[in-house]
Amino acid sequence: ALLWLALAPLPGPPARAELRVRVRLPGGQVTEESLQADSGADCVSLELRAADGALVTLTADFRQEVKIFRALILGELERGQSQFQALCFVTRLHRNEIIPSESMAKLRQKNPRTVRQAEEVRGLEHLSMDVAVNFSKGAQLSSHLHNVCAEAKEAIYTREEDVKFWLEKGVDGSMFEVLPQGSDVPELQRCRLCPDRWKPCICSYSLSIEWYPCMLKYCRSRDAGGKVSSYKCGIRSCQKGYTFDYYVPQKQLCLWDEET
């Protein structure tokens, strides 16, 4: 096992740890991915630079059952865009999507130079982000939202089905605003088909988490009396891609999504 769990419990307060892993991107380039775990706050985050230069972060807040994807996309200055554009997509975190924070904090690697590829490719998820999240009220959804989405104040999106789940948990509904849908506004096109740069449209953004610890592996041992017990002895790694569709008030905010 190239990555294993340090089995001795770490002494002292809850662990905060960072691991840097070299990962191969689909085009063959190698990037460095940073994995951070904070078992006290019960959260983990992963950050990597995609092949197109975008900085992609995934934050998993286990306590609130929230995951936050952030993309910092390099702007096209010659097309009147700012230096970068920030997007945040907030969805429900399900159990067993990613290993627990205390296990992530104990991960070590024997050979930091190894370039890793995920053992399992999980299916592409296509998500329709039909609700906007108010940045100033978003802290009660997850305390990490303020730090992670600070540059994306006007571009934080979620889904109606996730909102229903959070409302049942007692989150204040006034932070959510339902966005115009194609069914309400028949002339709303996909941005890639929209000829006018200043018209509203449905934008599409895709990102991929190239390598993340998705499951724990267990090994068995037998003691002198023949009693068998199992213990955590490593991880399984996964890759997963996401495509998010969401409303933008003008196509200028979605220039990457064009017919190629």
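Residues numbered from 1 in each chain as written. Predicted model: local features only at pLDDT ≥ 70, side-chain atom pairs only at ≥ 80, totals over all residues. Heavy atoms only, no water.

For the protein, the name recorded in an unreviewed UniProt entry is Out at first protein homolog, with Gymnorhina tibicen as its organism.

As a further point, take helix α3 (residues 160–168). For α3, the set of buried residues is Asp162, Val163, Phe165 and Trp166. Seen along its axis, α3 keeps its buried residues to an arc of 160 degrees; they face one direction. Looking at α3, the residues exposed on the side facing more than 90 degrees away from the buried face are Glu161, Lys164 and Glu168. Turning to α3, the residues buried within the fold contact β6 (66–74), β7 (84–92), β11 (131–133), β12 (156–158) and β13 (176–178). Positive backbone phi, approximately 100 degrees, marks Gly170, located one or two places after α3. (Buried < 20%, exposed > 50% of the residue type's maximum accessible area, 1.4 Å probe, protein only. Helix = DSSP H or I, 4+ residues; strand = E, 2+ residues; numbered from the N terminus. Arc of directions from axis to C-beta. Contact = heavy atoms within 4.5 Å.)

Turning our attention to the state of the cysteines. One pass over the full model with this rule turns up 5 disulfides. Put simply, Cys88 and Cys149 are joined by a disulfide, and their sulfur atoms are 2.1 Å apart. In this structure the cystine formed by Cys88 and Cys149 twists about its S-S bond by roughly -100 degrees; its chirality is therefore left-handed. Here Cys88 is found in strand β7, whereas its partner Cys149 is found in the loop between α2 (145–148) and β12, with 61 residues between them in sequence. In this structure Cys149 comes out as buried when scored by relative accessible area, which is 0%. Between the sulfur atoms of Cys191 and its disulfide mate Cys201 the distance is 2.1 Å. Disulfide Cys191-Cys201: the torsion about the S-S bond is 95 degrees, which places it as right-handed. (Disulfide = S-S within 2.5 Å.)

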